[in-house]
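# Examination of the molecular architecture
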Amino acid sequence: MEHSFYLEVNREAILHNINVLRKWKRKDIIPVIKANAYGHGMLEMAKTCVQAGVTQVAVARYEEAKKILEDSYFQSLSKECSFQILIFESIGDFSLLDDFPRMDISINSLEELEKALEYHISPKKMQVKIDFSFGRNGIQEKDLPFFIKKVKEENLTFKGIFSHLFSSSYEDGLLCIKKFSSLVQEMGKERFDRIHLQNSAASYNYDCDIVTDIRVGMLTYGLQEPGYFHEELQRAFCLKGKIDSIRCVENMKYLAYEGKEDVGMKFAKWAAKIKIGYADGFGKENENGSCIIQRKEYRIAEVTMDNTFLEVDERVKVGDEVLLFYNPTKTKQETGKEIHEHLTGLTNRLPRKWIGEIK
Ligand SMILES: *Cc1c(COP(=O)(O)O)cnc(C)c1O
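Residue indices follow the written sequence of each chain, beginning from 1 at its first position. Local features in a predicted model are, by the rule used here, given only for residues with pLDDT of at least 70; side-chain atom pairs are given and counted only at 80 or more, and totals for whole chains, interfaces and linings are based on all residues. As a rule here, side-chain values come from all non-hydrogen atoms in the structure, and water together with hydrogens is ignored.

Per an unreviewed UniProt entry, the protein is named Putative alanine racemase, and its organism is Fusobacterium gonidiaformans 3-1-5R.

Printed below as a string of structure tokens:
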């Protein structure tokens, strides 16, 4: 398709980041590939994880895991290849797991543990989530004595145990690490193959001895958290396309659906059209933000459903390459939205093109 926009993803950058993250903490990594791999494309991301020798990834919902595992690449993956998908949210109906041996579930309450055991789900497919007052899901602190008792009495050994380390206050985070570590120690850490606590923000902030893995979304894609910077991580995406047409708007009253003045084009001479719009997930909040054409910044004047109009000058020609979201910090300043909010909002109409072969 001529001049069309797409999200290019550099597979080498993802592989590089996975290795940087493993070395950084000297721990294994559970890449979080929910939300279409933070917009990058979930299937290619999952395959890339297999290539990197990752044996566990995580998603939020059952439908995400199902979509990956129904793909022919995963259907034909050799049985010797260890690759499991952990689903964070409770799935409710355990029969959904019957056709998918590569799915692991989170246990988010004592009641859910009882039910799963009753249904004869192997604890080796369960990762128990503990809630140290983050309040989303997980076994609550008041239920922990019952949980510990059950685990010991029935001598249960699980696939994993995890919690959510919140880093809004540094001291509260330390307390969470302390509570989590002593809980795992009390039951015996050999009961759990995988022990994890830190997402991306918490990985910058804390080290934690007892964990086997860090559980990272953002950093895997080379997306930095505001306020932190790891210099070895590489951004993997590039949102680009080409100038589709250019019009002289000097004597025009309107630009697309709006008055020229209303989109700040009163004195502008040239408007360039590109083929991306809010139906691709490129929202109106990008108006008055910037893009890059031939290393120079230009203003995004108007976003419509299918097209976006840029205020350009005579230098710019049809077919020139246009970069959007070229600087995440700037994108945040211009639109008020973090780069991962933009990326996860990109719709299926926008193609993802991964460069670099799967080996
Ligand atoms: C999304 C998610 C993560 C990954 O978070 P990042 O901040 O992207 O690293 C980790 N753990 C859980 C439970 C999540 O839902």
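## Thoughts on the environment of Tyr204
Put simply, DSSP H or I for four residues or longer makes a helix, DSSP E for two residues or longer makes a strand, and each gets a number counted from the N terminus. Along the chain, the position of Tyr204 falls in helix H9 (residues 200–205). For the pair Tyr204 and Ile300, spaced 96 residues apart in the sequence, the C-alpha separation amounts to 34 Å. Residues adjacent in sequence count toward polar contacts only when both atoms are side-chain atoms; beyond that, a polar contact is any pair of N or O atoms within 3.5 Å, and within protein one must be able to donate a hydrogen and the other to accept it. At a separation of 2.5 Å, a polar atom in the side chain of Tyr204 contacts the side chain of Gln224.

## Points about the pattern of salt bridges
Salt bridges are counted wherever a side-chain nitrogen of Lys or Arg sits within 4 Å of a carboxyl oxygen of Asp or Glu. What the rule picks out here adds up to 30 salt bridges. The shortest N-O distance in the salt bridge between Glu44 and Arg11 comes to 2.9 Å. Within this pair, whereas Glu44 is found in helix H3 (residues 42–51), its partner Arg11 is found in helix H1 (residues 11–25), the two being separated by 33 residues in sequence. Residues participating in the shared-partner salt-bridge network are Arg22, Asp28, Arg194 and Asp213.

## Concerning the domain arrangement of the protein
Reports of interface size often rely on the accessible area that becomes lost once the parts have come together. Residue ranges assigned to the domains are those given by an automatic or database domain assignment. Looking at the protein, the domain boundaries give domain 1 (10–221) and domain 2 (237–355). Taken over C-alpha atoms, the centre of domain 1 sits 38 Å from the centre of domain 2. We call two residues in contact whenever any of their non-hydrogen atoms come within 4.5 Å of each other. Contact residues are listed per partner, giving 13 residues for domain 1 and 8 residues for domain 2. Buried area: the sum, over both parts, of the accessible surface (1.4 Å probe) that disappears when the two are put together. Of the roughly 1,000 Å² buried at the junction of domain 1 and domain 2 (both faces included), carbon and sulfur atoms supply 64%. For the pair domain 1 and domain 2, the interface holds 0 salt bridges. Connecting domain 1 to domain 2 are 3 residue pairs in polar contact (both at pLDDT 80 or more). Looking at the side of domain 1 that touches domain 2, the elements that each hand over two or more residues are H1, helix H2 (34–38) and H3. Just so you know the grouping, Ala, Val, Leu, Ile, Met, Phe, Trp, Tyr, Cys and Pro go in nonpolar, Asp, Glu, Lys and Arg go in charged, and all remaining residues, Gly too, go in polar. For the side of domain 1 that touches domain 2, the residue count by class is 5 nonpolar, 6 polar and 2 charged.

## What to know about the packing of helix H7 (residues 144–153) against helix H8 (residues 170–187)
Remark: H7 packs on H8, axes separated minimally by 10 Å, with the N-to-C direction vectors making an angle of 30 degrees. With respect to their mutual orientation, H7 and H8 come out roughly parallel. Considering the relative orientation of H7 and H8, their crossing is right-handed. Along the contact surface, H7 presents Leu144, Phe147, Ile148, Val151 and Lys152, while H8 presents Leu183, Glu186 and Met187. In terms of residue class, the contact of H7 with H8 is built from 6 nonpolar, no polar and 2 charged. To get an axis, fit a line to the C-alpha atoms, keeping to the stretch in contact for a helix; angles then go from 0 to 180 degrees between the N-to-C directions. Under this scheme an angle from 65 to 115 degrees is roughly perpendicular, one under 35 degrees roughly parallel, and one over 145 degrees roughly antiparallel; angles in between are oblique. Helix crossings are classified by the rotation of the near helix relative to the far one: an anticlockwise turn of less than a right angle makes the crossing left-handed, while a clockwise turn makes it right-handed.

## Concerning the nonpolar core
Nine residue types can take part in a nonpolar core, namely buried Ala, Val, Leu, Ile, Met, Phe, Trp, Tyr and Cys, and a core is a set of them joined through side-chain atoms within 4.5 Å. Using a 1.4 Å probe on the protein chains alone, a residue whose accessible area is under 20% of its type maximum counts as buried, one over 50% counts as exposed, and one in between counts as partly exposed. Core analysis: the biggest nonpolar cluster contains 109 residues, and Ile33, Phe147, Ile161, Leu310 and Leu324 have the highest contact counts within it. Composition of this core by domain shows at least three residues from each of domain 1 (10–221) and domain 2 (237–355). With residues near it in sequence (within four places) discarded, Ile33 still touches Met42, Met45, Ala46, Val57, Ala58, Val59, Ile68 and Tyr221. In terms of nonpolar packing, the next biggest core, distinct from the first, is built from 8 residues, Met265, Ala268, Ala271 and Phe309 among them.

## Some thoughts on the pairing of strand S20 (residues 352–355)
Along a regular strand, successive side chains alternate from one face of the sheet to the other. Here S20 shows a clear split, with Arg352 and Trp354 buried on one side and none of Lys353 and Ile355 buried on the other. Here the rule is simple: two strands pair whenever DSSP picks up at least two bridges between them. In the sheet, strand S1 (residues 6–10) pairs with S20 via 4 bridges, with the strands oriented parallel. By the bridge assignment for S20, Leu7 is matched with Arg352.

## Comments concerning the UniProt feature "modified residue: N6-(pyridoxal phosphate)lysine" (unreviewed entry) in the protein
UniProt positions are given in the numbering used here, feature names are shortened, and annotations may be inferred rather than shown by experiment. As recorded in UniProt, the sites labelled "modified residue: N6-(pyridoxal phosphate)lysine" (unreviewed entry) are Lys34. As for its position among the elements, Lys34 is in helix H2. Taking relative accessible area as the criterion, Lys34 reaches 27% and is therefore assigned partly exposed. Here Lys34 is in contact with Ala58, Val59, Ala60 and Glu64, once residues within four sequence places are set aside.

## Quick notes on the packing of aromatic side chains
Two rings belonging to Phe, Tyr or Trp (six-membered ring only in the last case) form a pair when the distance between their centres is within 6.5 Å. Interplanar angles under 30 degrees mark stacking, angles over 60 mark edge-to-face geometry, and anything in between is tilted. The final tally for this structure, using the stated rule, is 12 aromatic pairs. Taking the centre distance of 6.3 Å and the plane angle of 40 degrees together, the rings of Phe147 and Phe158 count as tilted. Taken together, the residues Phe147 in helix H7 and Phe158 in strand S8 (residues 158–163) connect sequence positions 11 residues apart. Phe158 gets classed as buried once you look at its relative accessible area, which sits at 0%. Pairwise contacts between aromatic rings join Trp24, Tyr204 and Tyr228 into one cluster. Above the face of the Trp24 ring, Lys25 is positioned so that its terminal group lies 4.4 Å from the ring centre. The ring centre of Tyr6 lies 3.8 Å from the NZ or CZ of Lys353, which sits over that ring. Any Lys NZ or Arg CZ that is within 6 Å of a ring centre and within 35 degrees of that ring's normal is treated as a charge sitting over the ring.

## Re the UniProt feature "binding site: substrate" (unreviewed entry) in the protein
Under the UniProt annotation, the feature "binding site: substrate" (unreviewed entry) is placed at Arg136 and Met305. Spanning 170 residues, the named residues are also spread out in space, since their farthest C-alpha pair is 35.1 Å apart. With respect to the secondary-structure elements, Arg136 resides in the loop between strand S6 (126–131) and strand S7 (139–140). A relative accessible area of 57% places Arg136 in the exposed class.

## Brief notes about the state of the cysteines
A covalent bond between the sulfur atoms of two cysteines is referred to as a disulfide. Note on terminology: disulfide denotes any pair of cysteine sulfur atoms within 2.5 Å. Under the counting rule described, the total for this entry stands at 0 disulfides. Cysteine Cys81 is unpaired, with the sulfur of Cys49 as its nearest cysteine sulfur at 11 Å. The cysteine Cys291 is free of any disulfide, with Cys238 supplying the nearest cysteine sulfur at 13 Å.

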